[in-house]
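# Geometric and topological summary
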2 protein chains.
Amino acid sequence: MPGDVLLLSNSRPPGGAVPFAHAREVLAGHLGDRTVWFVPYALADHDAYFAWVAEALGVDLRPLHREPDPAATAATAEAVFVGGGNTFRLLHDVRRLGILDALRSNDASRYTGSSAGTNLAQPAIHTTNDMPIVDPGGLDALARVPFHVNPHYLDPDPASTHQGETREERIHEFHEMNPGPVVGLREGAWLHRTGDTLALGGNTARLFRRGEEPVELAAGTDLSWLISS
Amino acid sequence: MPGDVLLLSNSRPPGGAVPFAHAREVLAGHLGDRTVWFVPYALADHDAYFAWVAEALGVDLRPLHREPDPAATAATAEAVFVGGGNTFRLLHDVRRLGILDALRSNDASRYTGSSAGTNLAQPAIHTTNDMPIVDPGGLDALARVPFHVNPHYLDPDPASTHQGETREERIHEFHEMNPGPVVGLREGAWLHRTGDTLALGGNTARLFRRGEEPVELAAGTDLSWLISS
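Residues numbered from 1 in each chain as written. Chains lettered and ligands numbered in written order. Predicted model: local features only at pLDDT ≥ 70, side-chain atom pairs only at ≥ 80, totals over all residues. Heavy atoms only, no water.

### A closer look at the overall build of chain A
- When you go through chain A residue by residue, the secondary structure sums to seven helices and eleven strands.
- By the compact-globule yardstick of 17 Å for 229 residues, chain A fits well, its C-alpha radius of gyration being 17 Å.
- Burial statistics for chain A: of 229 residues in total, 58% are counted as buried.
- Counting contacts in chain A only where the partners sit at least 6 residues apart, residues at least 24 apart contribute 68% of the total.
- With the model as given, the accessible surface of chain A reaches about 8700 Å², and the carbon-plus-sulfur share is 51%.
- Positive and negative side-chain charges of chain A, numbering 18 and 29 respectively, have mean locations separated by a distance of 2 Å. (Helix = DSSP H or I, 4+ residues; strand = E, 2+ residues; numbered from the N terminus. Rg over C-alpha atoms; globule rule 2.2 N^0.38 Å. Buried < 20%, exposed > 50% of the residue type's maximum accessible area, 1.4 Å probe, protein only. Contact = heavy atoms within 4.5 Å. Areas by Shrake-Rupley, 256 points an atom, 1.4 Å probe, with all protein chains shown as cover. Lys, Arg positive; Asp, Glu negative; His and termini not counted. Charge placed at Lys NZ, Arg CZ, Asp CG, Glu CD.)

### Let's talk about helix α1 (residues 24-31) of chain A
All names here are of chain A.
- Those residues of α1 that fall on the buried side of the exposure criterion are Val 26, Leu 27, His 30 and Leu 31. Within α1, the buried residues cover an arc of 115 degrees as seen down the axis, which keeps them to one side. Among the exposed residues of α1, those pointing more than 90 degrees away from its buried face are Glu 25 and Gly 29.
- Buried-residue contacts for α1 involve β1 (5-8), β2 (35-39), α2 (46-57), β4 (79-82), β5 (110-114) and β8 (190-194). (Arc of directions from axis to C-beta.)

### Some thoughts on the pairing of strand β3 (residues 60-63) of chain A
All names here are of chain A.
- Here β3 shows a buried face lined by Leu 61 and Pro 63 and an unburied face lined by Asp 60 and Arg 62.
- Bridge count between β2 and β3: four bridges; the pairing is parallel. Opposite Thr 35, over in β3, you have Asp 60 as the bridge partner.
- You can see the chain leave β2, run along α2 and come back into β3, and the turn it takes is right-handed. (Pairing = 2+ DSSP bridges. Right-handed = clockwise from strand over helix to strand, strands pointing away.)

### Quick word on the sheet that holds β5 of chain A
Residue and element names in this part refer to chain A.
- Here we have seven strands laid out as an open sheet, ordered β3-β2-β4-β5-β1-β8-β9, and mixed in their pairing. Edge strands, defined here as strands with exactly one partner in the open sheet, are β3 and β9 (197-201). In this sheet, neighbouring strand axes are inclined to one another by 20 degrees on average, regardless of whether the strands run parallel or antiparallel.
- Sheet analysis places β1 next to β8, joined by four bridges and oriented antiparallel. (Axes fitted to C-alpha atoms, helices over the stretch in contact; angles between N-to-C directions.)

### Thoughts on the nonpolar core
- By size, the foremost hydrophobic cluster in this structure holds 103 residues, and its most contacted members are Leu 120 and Leu 191 of chain A together with Leu 120 and Leu 191 of chain B.
- Each residue touching Leu 120 of chain B, except ones within four places of it in the same chain, is listed here: Val 82, Leu 90, Leu 91, Val 94, Leu 100, Tyr 111, Ala 141, Leu 142 and Ala 143 of chain B. (Core = buried A, V, L, I, M, F, W, Y, C linked by side-chain atoms within 4.5 Å.)

### Some thoughts on the sheet that holds strand β4 (residues 79-82) of chain B
All names here are of chain B.
- Taken in spatial order, the seven strands of this open sheet run β3-β2-β4-β5-β1-β8-β9, and their pairing is mixed. With one partner strand each, in any of the chains shown, β3 (60-63) and β9 (197-201) form the two edges of the open sheet. The average angle at which neighbouring strand axes cross in this sheet is 20 degrees, direction not considered.
- Here five bridges tie strand β8 (residues 190-194) to β9, and the two strands are oriented antiparallel to one another. Opposite Leu 191, over in β9, you have Leu 200 as the bridge partner.
- Lying over the sheet, helix α1 (residues 24-31) contacts β1 (5-8), β2 (35-39), β4, β5 (110-114) and β8, oriented at roughly 155 degrees with respect to β5.

### Comments concerning the relation of the copies chain B and chain A
- Each copy superposes on the other: chain B lies on chain A with an RMSD of 0.0 Å after a rotation of 180 degrees and an axial shift of 0.0 Å. In short, the pair behaves as if placed about a two-fold rotation axis.
- When the interface residues of chain B are mapped onto chain A, 100% of them again lie at the interface, so the same face is used by both copies. (Least-squares fit on C-alpha atoms with pLDDT ≥ 70 in both.)

### Some remarks on the interface of chain B and chain A
- With 40 residues of chain B in contact, the opposing surface of chain A contributes 40 residues.
- Across the chain B/chain A interface, buried area totals approximately 3300 Å², and carbon plus sulfur atoms make up 59% of it.
- Our count for the contact surface shared by chain B and chain A stands at four salt bridges.
- Scanning the region where chain B abuts chain A turns up 14 residue pairs in polar contact (both at pLDDT 80 or more).
- Per-element accounting of the side of chain B that touches chain A gives the leading share, seven residues, to helix α7 (residues 167-177) of chain B. (Buried area = accessible area lost by both parts, 1.4 Å probe. Salt bridge = Lys/Arg side-chain N within 4 Å of Asp/Glu carboxyl O. Polar contact = N/O pair within 3.5 Å; in protein donor to acceptor, adjacent residues only side chain to side chain.)

### A few points about the environment of Ala 77 of chain A
- Mapped onto the secondary structure, Ala 77 of chain A falls in the loop between α3 (70-76) and β4.
- Beyond its immediate stretch of four places on either side in the chain, Ala 77 of chain A contacts Trp 37, Asn 106 and Ser 109 of chain A.

### Considerations on the packing of aromatic side chains
Residue and element names in this part refer to chain A.
- Taken as a whole and judged by the stated rule, the model has 13 aromatic pairs over all chains.
- Summarising the aromatic geometry, the rings of Phe 38 and Tyr 49 are spaced 5.1 Å apart at their centres and angled 80 degrees between planes, so their arrangement reads as edge-to-face. With Phe 38 in strand β2 and Tyr 49 in helix α2, this pair connects stretches of sequence that are eleven residues apart. Each member of the pair, Phe 38 as well as Tyr 49, is classed as buried. (Phe/Tyr/Trp six-rings, centres within 6.5 Å; stacked < 30°, edge-to-face > 60°.)

Written out as structure tokens, the structure is:
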């Protein structure tokens, strides 16, 4: 059976300087006393990123980017934690370094993602909010879950004079090109797959299905149907 | 000499139902009485999109998507107008249909872009705000201008609790990976290249250069240095 998956919308709680303070309990239960390899490639400064997260998490976190062969380490890791930043840069680097294939072959590992790390767990990075600052060599990703997630889901601001698309309009565009469901995770929310169960935690979310009206989801909602085949 | 280029941030003025009402004068001068081929692929419904724009513009606008060989028509067009929508879908379709290469070979044509159409005129679509709903087969674009533009440029909202990146942070990420300047075009703004001259019109903009503080630009600013080699 594939390893459990925890997908967080964001790393930093609103107004809070300590990353993951809003998700301490679920992270502790998910990671336990495992050795967790941190994947920092979504940000430019890997060392600083690792230090910032390692101090906050209080688990046995190790820097994958300092390994002599990061792909080999990823292939046998019992747990990985993929941090947020720019999804295109993340996918570009893990593909180039062989880490993408290593993680695909090691799907018994326990996976944790935040923001861009959450996008990387999807079938493809179609629903990232990030700018395509680098060509990732294809949009296909890890498919640790069979649906898409929009992290940092943002409700429309009725007072805005901005003429770009709202997030909901962008997800509608996704459904003009792709059939699968999209979970819009608001700040503070996460999805936790444990065995055959998938649950929403931390905050509300909004579920988008092609050709249907969006649905509001309360924290605690059982979403196991999203992972049943 | 390459044909003149007009790059608009947006098609619909805030609160206004009539597309391009804010840019009527500059569009009339740029397009004149030329035959203008409309490129609708950034939106899903090409016929509806063409009808909406054709009615508003009041020029000799024709639907490229209804041509028997759109690439052949694009290769000899005296003017094209590339509408906004999703930049990834636009680039995917014009590449697949051969229109991208046709427009590259026909750089004497007069180019008008709005939003996604503005992104298509850049060296690559690195600074689009759009969701990657489809793999465009590479990010390289028309390079009708040698710099990048961020349409719908949005100033940070100090009241927001959103934990995703601000637009300025995203452009900073672009500069972590790419050297060239980026013009953040606020709603209502445009860039107009006529011969060797490039000018900002319609609204203010914000100029981002790698390793430098961003600079505010007033409407009317001469930016010809951006196109001089």
